[in-house]
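# Summary of structural features
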Amino acid sequence: MDLLDVVKIDQAIDLQVSLMEKIGYKKKIQIKTCHSLGYILAKDLISKDNLPCFRKSTMDGYAINYKDSLGATDSIPSMLKVIEEIQMGHLPQKKLKRGEASKIYTGGMVPEGADAVLPIEYTEILSKKLISISKPVVFMENIIDIGDDSKIGDIYEKEGKIIDPETIAMAASLGYEKIEVYDKLKCKILSTGDEIIPVNSNLVPGKSRDINSYMLYSLLKNMGIDVISMKHLQDDKDLIKKELEEDLDLIIISGSSSKGNKDFVPEISKELNPGMIYHGISIKPGKPTSLSQNNKTMILGLPGNPISAYAVFRTVFQKAYEKYFKIEENLKIKCKIERNIANTSAKTMICLVEIKKEGDVLVASPIFGFSNNISLLKKAKGYIVIDEYVEGIKENEKVWVNLIR
C-alpha cells in the first residue's frame, strides 16, 4: 500500500520552507563576534573603512622614490640618504624627497613622497645616514595602497553565511565587536526502535547500534543548529507521543515512519496541532519521510535506515533550511559517470558517488548497497540526483555532483 499524501522532492522542500516561514524561525540577535562561530549571518558584513586606511609596507626595508633605484646594479649601485626610521604604529615624521630614504618595517606606514619599498636585502648600509642600492624596484612595489584590501561599502560576506573562523577574522578586521546573527534553532533528536541499542553495546543478533542519532547530531551542528538532547525510544506510542509534544523549534525523529504496526509517527502526527503536512516523498531511498507541525514546533520524521535518513536529510531538509536562511549551497562539479545507473522506481533517485581523476577528467563512480549499510558513506564524496522522469544515466554521460562537505 502506498503511503499517504506522497509529494515530490521539490514540493517537500517548498512545504518545509513555507512551514519555517509560517512559524517564523528568523530571530535576529546580536552577539560578540568572538562567540559567533556556527551562527548564521543575519546581515551583510560590510566594510566601514578603507582597508588599509594608510599606505602600508609589505617588506622590511626602505621607503624610496622608485626612480632613485632605476639602473642600480651590484657594480654600479645608487646612493641614498637615510632621513628617519619609521617605528611600527607611528606616523612618519618627514616627507621624502628625491635621493632620500626612510627605514621601514613590514606593516609600517609609507611616508609622503615615497612610492616604493626597497627590500633590505637589496641594500648595503654604508653609515647611519647612507645606504647603497644594488637592484631597482618599480612604482608601488611592496606597498599596499589605501583601500587595496577593501573600500567603504564593500560586502565581505552576505546574509546567510554560516560563520566560520575566516568570517570572524574578517569581521574583526572591519571593526565589528558584535555581529548580527540568527538565533540558533533548538533541536531534539529521537531514535526509535526495539532493535536499537547504545553505541557502546556489544552487538547481538537482531540488534543494531544507534547510528542515526550520532549522524544527525553532527549534520545539524555543522549547519548551525543547537542539539539540546538525543534520546532513544522503544516502539511505544505513548512514549513517542509525549516526546513529540515538547515545545522546541525542531524535533527530528528517525524510525517508526512507515506503515508497519509499530510505525507510530504518522499516526501520532495526525493528532498534533495542526498535524501532518505530508507523509511520503517520491524519492529513493527515503520514501517513508514525514513533515508535521505541533504548535510552533516543526517535526521531521526520517526513515530508520541510516543511508535513507542521510539522503533525505541532505536533499530535502538541508536544502529547505539553506533556501529559507539564504545559505549558499554546497559546491557542484561536473563529472563523467563511470557506468550506467538505472532508475526503474519512477521516483527521484539519490545516488552516492566516489570521485576520482582520470587524466584531466573527473569521474563519478556510483556506490550501490542496501540503505542500512552505513559503510556506503566511507567512500562517498558526493551524490547525484536523478529525476523521477529520467530512466537513468548512461556510462560516460556528464552529470552534476553535489559535493559532501
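You'll find the structure just up there.
Reading the values: rules and limits
- Residues numbered from 1 in each chain as written.
- Predicted model: local features only at pLDDT ≥ 70, side-chain atom pairs only at ≥ 80, totals over all residues.
- Heavy atoms only, no water.
- Helix = DSSP H or I, 4+ residues; strand = E, 2+ residues; numbered from the N terminus.
- Rg over C-alpha atoms; globule rule 2.2 N^0.38 Å.
- Contact = heavy atoms within 4.5 Å.
- Areas by Shrake-Rupley, 256 points an atom, 1.4 Å probe, with all protein chains shown as cover.
- Phe/Tyr/Trp six-rings, centres within 6.5 Å; stacked < 30°, edge-to-face > 60°.
- Buried < 20%, exposed > 50% of the residue type's maximum accessible area, 1.4 Å probe, protein only.
- Pairing = 2+ DSSP bridges.
- Axes fitted to C-alpha atoms, helices over the stretch in contact; angles between N-to-C directions.
- Core = buried A, V, L, I, M, F, W, Y, C linked by side-chain atoms within 4.5 Å.
- Arc of directions from axis to C-beta.
- Salt bridge = Lys/Arg side-chain N within 4 Å of Asp/Glu carboxyl O.

### Here's the deal with the overall build of the protein chain
- Broken down by element type, the protein chain carries seven helices and 29 strands.
- The globule rule puts the C-alpha radius of gyration for 405 residues at 22 Å, and the 30 Å found for the protein chain is more than 25% above it.
- For the C-alpha atoms alone, the extent of the protein chain along its principal axes is close to 95 × 50 × 40 Å.
- Here the contacts in the protein chain between residues at least 6 apart in sequence split such that 72% fall between residues at least 24 apart.
- Looking at the protein chain as shown, the accessible area adds up to about 20,500 Å², and 51% of this sits on carbon and sulfur atoms.

### Topic: the environment of lysine 332
- Structurally, the position occupied by lysine 332 is in strand S23 (residues 332–337).
- With 203 residues separating them along the chain, lysine 332 and lysine 129 place their C-alpha atoms 59 Å apart.
- In contact with lysine 332, not counting residues within four places along its chain, are Trp400, Val401 and Asn402.

### Some remarks on the packing of aromatic side chains
- Taken as a whole, this structure holds six aromatic pairs when the rule is applied.
- An angle of 55° between the planes, with centres 5.0 Å apart, marks the rings of tyrosine 321 and phenylalanine 325 as tilted. Of this pair, tyrosine 321 and phenylalanine 325 both sit in helix H6 (residues 306–325), four residues apart, which is roughly one turn of the helix. The exposure classification of tyrosine 321 matches that of phenylalanine 325, with both residues buried.

### Points about the sheet that holds strand S5 (residues 61–64)
- Ordered in space as S8-S5-S7-S6-S10-S9, the six strands form an open sheet in which the pairing is mixed. The sheet is open, and its two borders are formed by strand S8 (116–119) and strand S9 (123–127), each paired with just one other strand. Strand after strand, the sheet turns through a mean of 40° between neighbouring axes, direction not considered.
- Where S9 lies against strand S10 (residues 130–133), four bridges are found, and the strand directions are antiparallel. Counterpart to glutamate 124 in the pairing with S10 is serine 132.

### Side note on the sheet that holds strand S19 (residues 274–279)
- Taking strand neighbours across the sheet as the criterion, the six strands line up as S17-S14-S18-S22-S21-S19 in an open arrangement whose pairing is mixed. Each having just a single partner strand, strand S17 (226–233) and S19 make up the two edges of the open sheet. Mean inter-strand twist for the sheet, computed between neighbouring axes without regard to direction, equals 15°.
- When S19 meets strand S21 (residues 290–294), the two strands line up antiparallel, connected through five bridges. By the bridge assignment for S21, glycine 275 is matched with glutamine 293.
- The sheet strands contacting H6 are strand S18 (250–254), S19 and strand S22 (297–302), and the helix crosses S22 at an angle near 135°.

### Structural notes on unusual backbone geometry
- Here the residue pair asparagine 273 and proline 274 is connected by a cis peptide bond, since its omega of 5° sits within 30 degrees of zero.
- Residue proline 285 follows lysine 284 across a cis peptide bond; omega there is -5°.
- Relative to the assigned elements, proline 285 resides in the loop between strand S20 (283–284) and S21.
- At asparagine 295, a residue that is not glycine, the phi angle is positive and equals roughly 60°.
- The residue asparagine 295 is located in the loop between S21 and S22 in this model.
- You will see that asparagine 396, though not glycine, has its phi angle at about 75°, which is positive.
- Tracing the backbone shows asparagine 396 in the loop between strand S28 (392–393) and strand S29 (398–403).

### Looking at the side chain of threonine 348
- Here threonine 348 is to be found in strand S25 (residues 348–358).
- Leaving out residues up to four positions away in the same chain, threonine 348 has contacts with Ile9, Ser282, Ile283, Lys284, Val385, Ile386, Asp387 and Glu388.

### Focus on the nonpolar core
- Core analysis: the biggest nonpolar cluster contains 51 residues, and Leu220, Ile225, Ile252, Met298, Phe317, Tyr321 and Phe325 have the highest contact counts within it.
- Elements supplying a minimum of two residues to this core: helix H1 (9–23), strand S14 (186–192), helix H3 (211–222), S18, S22, H6 and S25.
- With residues up to four places along the chain from it excluded, the contact list for isoleucine 225 reads Leu185, Cys187, Leu220, Leu250, Phe317 and Tyr321.
- Residues Leu41, Ile168, Ala171 and Ile179 belong to the second largest nonpolar core, which totals 13 residues.

### Points about helix H2 (residues 165–173)
- Within the sequence span of H2, burial applies to Thr167, Ile168 and Ala171. The buried residues of H2 occupy an angular sector of 100° when the element is viewed end-on, so they sit on one face. Turned more than 90 degrees from where H2 packs its buried face, Pro165, Glu166 and Ala172 sit exposed.
- Each element contacted by the buried residues of H2 is listed here: strand S3 (45–46), strand S12 (155–157) and strand S13 (178–182).
- Count one or two residues on from H2 and you reach glycine 175, which has phi positive near 90°.

### A closer look at the pattern of salt bridges
- This structure, assessed with the given rule, holds 18 salt bridges.
- Between glutamate 246 and lysine 188 there is a salt bridge, and its shortest N-O distance comes to 2.6 Å. Pair noted here: glutamate 246 is in the loop between helix H4 (237–244) and S18 and lysine 188 is in strand S14, with a separation of 58 residues, a long-range link.
- By relative accessible area, which is 33% here, glutamate 246 ends up partly exposed.

Coordinates in, geometry out; function isn't part of it.
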